[in-house]
Amino acid sequence: MTQQERHNTIADMVKRQGYATIEQLAHHFDVTPQTIRRDLKVLADEQLIRRVHGGAGLLESSTVNTAYSARKLINHDAKARIARSLAEQIPDQSSLFINIGTSTELIAEALLNHQGLEIITNNLNVAATLQHREDFNVIVAGGTVRSRDGGIIGEATVDFINQFKVDFGIIGISSIDEDGALLDFDYQEVRVAQAIISNSRQVYLAADHSKFSRNAVVRLGHLNQIHALFTDQEPPAGICRLLSEQDIALNICP
């Protein structure tokens, strides 16, 4: 196989799967990881794929999110570290919201060692993770279930969330803009997240470093509405300045 043929095949694999790791590609083509890294640089320069930590993903869109199956793989280890760090800040016997997202699903896993939690969620995957703990009270919001990711959305979901006032709101996000705007792709999902923020005494945001370089079209809120940001790398200077000005806790989980 020529280099050009390999490049074409890599681009096709990423298009089909949404994401491919360097290890997977090196094994598939029986070449070294260094060769794959050079291939990915060429493909990224040609704007055929997007380089992400440990592999390649689809080019970003400001209107359509990456497929859920691909997002579960992207930066998984970093998201797991963020999840463990955030979970450590949640006391036993707390009440909390957990919203839709691959990061929040890992946070649910990290909370399994806690005691006596009350969790309200619009994420069926979170509920499935937590349901086996007999000392947890897991409450699932009503609404329309999205088949692609188990998220529950709609006006009924917002109305349901507004019935509660909890200790912690745990949210994920698709993008954090340089001006501090919190951005996402789905208007209905954003409406639920806004209700979670409004009905939480403390709001914890989980966002790996890729969220600082993405674009999304729907405004969810602003960094000044959260109390702590959990991430895996130092944010851009403008975001760090906003966090400092608003006295928002920055937790970096390398």
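Just so it is clear, the model here is predicted, and its values are computed rather than measured.

A.B. asks: Help me understand helix H9 (residues 187-198), please; the structure alone is not making it clear to me.
C.D. replies: In an α-helix there are 3.6 residues to a turn, and that puts residues three or four apart on one side. Over its twelve residues, H9 runs 17 Å from end to end, which matches the ideal 16 Å to within 8%, given 1.5 Å per residue. Those residues of H9 not exposed but buried are Glu189, Val190, Val192, Ala193, Ala195, Ile196 and Ile197.

A.B. asks: Where do I start with a nonpolar patch on the surface in this structure?
C.D. replies: A contiguous nonpolar patch, built from Leu124, Val140 and Val145 and spanning about 210 Å² of accessible area, is present on the exposed surface. Among the structural elements, Leu124 can be located in helix H7 (residues 124-130).

A.B. asks: I tried to follow the sheet that holds strand S10 (residues 175-176) on my own but got confused; where do I start?
C.D. replies: Ordered by their spatial adjacency, three strands build an open sheet running S10-S11-S13, and the pairing between neighbours is antiparallel. On the outer flanks of this sheet lie S10 and strand S13 (218-222), each paired with one strand and no other. Where S10 lies against strand S11 (residues 181-184), two bridges are found, and the strand directions are antiparallel. Following the sheet pairing, Ser175 is matched in S11 by Leu183. Strand contacts of H9: S11 and S13, with the helix running at about 10° to S13, the strand carrying the most contacts.

A.B. asks: Hey, could you run me through the packing of helix H5 (residues 76-88) against helix H6 (residues 102-110) in this one?
C.D. replies: It is the contact of H5 with H6, at a shortest axis distance of 8 Å, that shows an interaxial angle of 50°. Here H6 runs oblique to H5, going by the angle between their axes. Crossing geometry of H5 relative to H6 is assigned as right-handed. In this structure, H5 uses His76, Lys79, Ala80, Ala83, Arg84, Leu86 and Ala87 to contact H6, whose residues at the interface are Thr102, Ser103, Leu106, Ile107 and Ala110.

A.B. asks: Hey, could you run me through the pairing of strand S14 (residues 228-231) in this one?
C.D. replies: On a regular strand, one side chain projects to one face of the sheet and the next to the other, so that they alternate. Where burial is concerned, the two faces of S14 agree: the one with Ala228 and Phe230 and the one with Leu229 and Thr231 are both buried. When strand S12 (residues 200-206) meets S14, the two strands line up parallel, connected through three bridges. When the bridges of S14 are listed, Ala206 appears paired with Phe230. Bridge count for S14 against strand S15 (residues 249-252) is four bridges, and the pairing is parallel. The partner of Ala228 across the bridge, within S15, is Ala249.

A.B. asks: Please explain the pattern of salt bridges as it appears in this structure.
C.D. replies: Side chains carrying opposite charge are able to pair once their charged atoms draw close together. Counted by the stated rule, this structure contains ten salt bridges. Glu189 serves as the salt-bridge partner of Arg146, at 2.9 Å between the closest nitrogen and oxygen. With Arg146 in the loop between strand S7 (144-145) and strand S8 (152-153) and Glu189 in helix H9, this pair connects stretches of sequence that are 43 residues apart. Residue Glu189 is classed as buried on the basis of its relative accessible area, which comes to 11%.

Here is what the cut-offs are and how they apply
- Residues numbered from 1 in each chain as written.
- Predicted model: local features only at pLDDT ≥ 70, side-chain atom pairs only at ≥ 80, totals over all residues.
- Heavy atoms only, no water.
- Helix = DSSP H or I, 4+ residues; strand = E, 2+ residues; numbered from the N terminus.
- Expected span 1.5 Å × (residues − 1).
- Buried < 20%, exposed > 50% of the residue type's maximum accessible area, 1.4 Å probe, protein only.
- Patch = residues over 30% accessible without salt bridge, like charges linked within 9 Å, V, L, I, M, F, W, Y side chains within 5 Å.
- Areas by Shrake-Rupley, 256 points an atom, 1.4 Å probe, with all protein chains shown as cover.
- Salt bridge = Lys/Arg side-chain N within 4 Å of Asp/Glu carboxyl O.
- Pairing = 2+ DSSP bridges.
- Contact = heavy atoms within 4.5 Å.
- Axes fitted to C-alpha atoms, helices over the stretch in contact; angles between N-to-C directions.
- Parallel < 35°, antiparallel > 145°, perpendicular 65-115°, else oblique.
- Left-handed = near helix turned anticlockwise from the far one by under 90°.

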